[in-house]
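If you want the building blocks of each chain, they are given just below.
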Amino acid sequence: MGARLTIGEFSRITHLSIRTLRRYHEQGILVPAEVDPATNHRYYTPAQVRPALTIKRFRELDLPLADLRRFLEAGATGRNEEGHSTAQQIVVAHLRRLEDRLGRTQRAVEALREILDPRAERAVSLEVLPAQSVFAVTLDVPPGAGLSWYDSAMRDLDAAAVGRPVLPPGGRYQHTLFTEGHGRATVYLPAEGPLPPEAPETVRELRLPRRTVAVATHRGPHDDLDLTYAAIGSFTAQHGLRARDLVEETYLVGPRDTDEPDRWRTLVAWLITPSDQGDASRDREPFGPSERFQERTSGRTSE
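Residues numbered from 1 in each chain as written. Predicted model: local features only at pLDDT ≥ 70, side-chain atom pairs only at ≥ 80, totals over all residues. Heavy atoms only, no water.

Asker: An account of the sheet that holds strand E2 (residues 34-35) is needed here, citing residue identities and associated values.
Answerer: What the three strands build is an open sheet, ordered E1-E3-E2; its pairing is antiparallel. Whereas interior strands pair on both sides, the edge strands pair on one side only; in this sheet they are strand E1 (5-6) and E2. Pairing of E2 with strand E3 (residues 42-44), which is carried by two bridges, proceeds in the antiparallel orientation. When the bridges of E3 are listed, Glu 34 appears paired with Tyr 43. (Pairing = 2+ DSSP bridges. Helix = DSSP H or I, 4+ residues; strand = E, 2+ residues; numbered from the N terminus.)

Asker: Break down the pattern of salt bridges for me, citing the residues and quoting the values.
Answerer: Taken as a whole and assessed by the stated rule, the structure comprises 13 salt bridges. Across the salt bridge formed by Arg 122 and Glu 114, the nearest N and O atoms sit 2.7 Å from each other. By relative accessible area, which is 25% here, Glu 114 ends up partly exposed. (Salt bridge = Lys/Arg side-chain N within 4 Å of Asp/Glu carboxyl O. Buried < 20%, exposed > 50% of the residue type's maximum accessible area, 1.4 Å probe, protein only.)

Asker: Let's hear about a nonpolar patch on the surface: which residues, and what values?
Answerer: Nonpolar side chains collect at one region of the surface, where Leu 112, Ile 115 and Leu 116 lie side by side and expose about 330 Å² of accessible area between them. Tracing the backbone through its elements, the reader meets Ile 115 in helix H5 (residues 81-116). What makes Ile 115 exposed here is its relative accessible area of 53%. (Patch = residues over 30% accessible without salt bridge, like charges linked within 9 Å, V, L, I, M, F, W, Y side chains within 5 Å. Areas by Shrake-Rupley, 256 points an atom, 1.4 Å probe, with all protein chains shown as cover.)

Asker: Give a detailed account of the packing of helix H1 (residues 7-14) against helix H2 (residues 18-27), specifying residues and quantitative values.
Answerer: Interhelical geometry of H1 versus H2 gives an angle of 105° and a closest axis separation of 9 Å. Considering their axes alone, H1 and H2 lie roughly perpendicular with respect to each other. Of the residues in H2, those touching H1 at Ile 7, Gly 8, Phe 10 and Ser 11 are Ile 18, Leu 21 and Arg 22. Residue composition of the contact of H1 with H2, by class: four nonpolar, two polar and one charged. (Axes fitted to C-alpha atoms, helices over the stretch in contact; angles between N-to-C directions. Parallel < 35°, antiparallel > 145°, perpendicular 65-115°, else oblique. Contact = heavy atoms within 4.5 Å. Nonpolar A, V, L, I, M, F, W, Y, C, P; charged D, E, K, R; others polar.)

Asker: How would you summarise helix H3 (residues 49-60) if you had to cite specific residues and measurements?
Answerer: Over its twelve residues, H3 runs 16 Å from end to end, which matches the ideal 16 Å to within 8%, given 1.5 Å per residue. Positive phi appears at Asp 62, one or two residues downstream of H3, with a value of about 60°. (Expected span 1.5 Å × (residues − 1).)

Asker: So, the nonpolar core: which residues are in play, and what are the values?
Answerer: Core analysis: the largest hydrophobic core is formed by 33 residues, its most contacted members being Trp 149, Leu 157 and Tyr 173. Contributing elements (two or more residues each) for this core: strand E5 (132-141), helix H6 (148-160), strand E7 (183-190), strand E9 (211-219), helix H8 (225-238), strand E10 (242-253) and strand E11 (265-273). For this core, the element with the highest residue contribution is H6, accounting for six residues. With near-sequence residues (within four places) excluded, Tyr 173 lies in contact with Trp 149, Tyr 150, Phe 178, Arg 184, Ala 185, Thr 186, Asp 245, Leu 246, Val 247, Glu 249 and Tyr 251. In this structure, Leu 5, Phe 58, Leu 68 and Ile 90 belong to the second largest nonpolar core, which totals 20 residues. (Core = buried A, V, L, I, M, F, W, Y, C linked by side-chain atoms within 4.5 Å.)

Asker: Go over the side chain of His 94 with me, naming the residues and quoting the values.
Answerer: Looking at where His 94 falls in the secondary structure, it is placed in helix H5. A polar atom in the side chain of His 94 sits 3.4 Å from the backbone nitrogen of Leu 63. Excluding its chain neighbours within four sequence positions, the residues that come into contact with His 94 are Leu 61, Asp 62, Leu 63 and Pro 64. (Polar contact = N/O pair within 3.5 Å; in protein donor to acceptor, adjacent residues only side chain to side chain.)

Asker: Give a description of the sheet that holds strand E4 (residues 125-129) that names residues and reports values.
Answerer: Across the sheet, which stays open at both edges, the eight strands sit in the order E4-E9-E11-E10-E6-E7-E5-E8 with antiparallel pairing between neighbours. Each edge of the open sheet carries a strand with a single partner, namely E4 and strand E8 (204-208). For this sheet the average axis-to-axis angle between neighbouring strands, irrespective of direction, equals 35°. Two elements, strand E6 (residues 170-173) and E10, share four bridges in a ladder whose sense is antiparallel. Across the sheet, residue Gly 171 finds its bridge partner in E10, namely Glu 249. Against the sheet, H6 makes contact with E5, E6, E7 and E10, and its axis sits at roughly 30° relative to E7, the strand it touches most. Across the sheet, H8 is in contact with E4, E9, E10 and E11; its angle to E11 comes to roughly 30°.

Asker: Can you lay out H8 for me, pointing to particular residues and giving the numbers?
Answerer: Between its first and last C-alpha atoms H8 spans 20 Å; for 14 residues at 1.5 Å apiece the expected length is 20 Å, and the two agree. Listed in full, the buried residues belonging to H8 are Leu 225, Leu 227, Thr 228, Tyr 229, Ala 231, Ile 232, Gly 233, Phe 235 and Thr 236. Looking one or two residues past H8, Gly 240 carries a phi angle of roughly 65°, positive in sign.

Asker: Please set out unusual backbone geometry residue by residue, giving values where relevant.
Answerer: Of note, Asn 40 is a non-glycine position whose phi angle comes to about 65°, a positive value. As for its position among the elements, Asn 40 is in the loop between E2 and E3. Looking at Asn 40, the relative accessible area reads 52%, which means it is exposed. Located in the positive-phi region is Asp 62, a residue other than glycine, with phi close to 60°. Looking at where Asp 62 falls in the secondary structure, it is placed in the loop between H3 and helix H4 (65-76). Taking the relative accessible area as the measure of exposure, Asp 62 reaches 44% and is therefore partly exposed.

On their own, these measurements won't tell you what the molecule is for.
Printed below as a string of C-alpha cells:
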C-alpha cells in the first residue's frame, strides 16, 4: 500500500493528538488507511495529511460535525460538479455564520467600550409627536414567537398600502414584549385611508394621537438597542417623568432599505404621561417642535 505512517508519526506531522485521531476514527470522519487486525494499530498515508488538516481547521472554526460529514462525503463521492457544489455550499454557509458571529462580537466590544466610558452619552430629548394616520396590524405576541409576527404584519401592511407613498414603518409595543418576551404589539405604516377593498383582514385604519415622548435616534444594528433604551429610561427617571407602558419605534432606515446595518436608523420613543398641571403646557411643545419628527420621517435618509 506504499508509505504508511503510525498514528504517532501522523500525529507529529498534523499536530493532531493521538487521542483526537482515535476520536476522529470512532466518529468516522478520519478513518485510518489500515488497521492491523492483530494489534489494532492504526496506520495512515501521506495522502491523508491534507484531509486531516482540513478537518482540523473546520473543527477549530466550529463547523458542526454533521456538516463536516456532509462535506467529506461530498468530496468522497467523486470530483463531479454536484459533489463540488455541495461542498462549496457547506463552506460558504459556515463562513457566513462565522462572519455574523464576528460582527456580533465586534459590536458587543464596541457596546462594552461605550458602557465603560463615563463620558459616553446618547442624546435624548423630550418632544411632542404629531397625530398621524396609519394602517396598522395589532396582535398579542406569545412567548417564544421570535420575529415572525413582525414579518407577517409587514407583509399584510405592504399589501394594504400598495401604490401609496412609501414612508418609514413603525411599531408600538408594550414594554413586556422586551422584558418578558410577550405582549401587545401594533405594527404600522403611515398612510391615509380608506383601506382598499383587497386589504388583508388583519389591517385596520388607526389614528395615532398627539403624544409626548422621550426620544432618541438609535444608529446602526439593533444589537446594542438596549443602550438606547437605557439612555431613554435614565433620562425619564432623572427628570421625574412617568413612562407609559408603551414604546414606539420608527424604522427610518432599516433592512427594508439597505443590507448595510451600519446605515440603519431607528427612532425610539418612550411615551410619557404628562403631569396633571403640565398637560396643556407640554402639548404646547416647550420640549421640542413636532416638526423635527415630521422632518426625520418624511425622507429615507441615513442621518
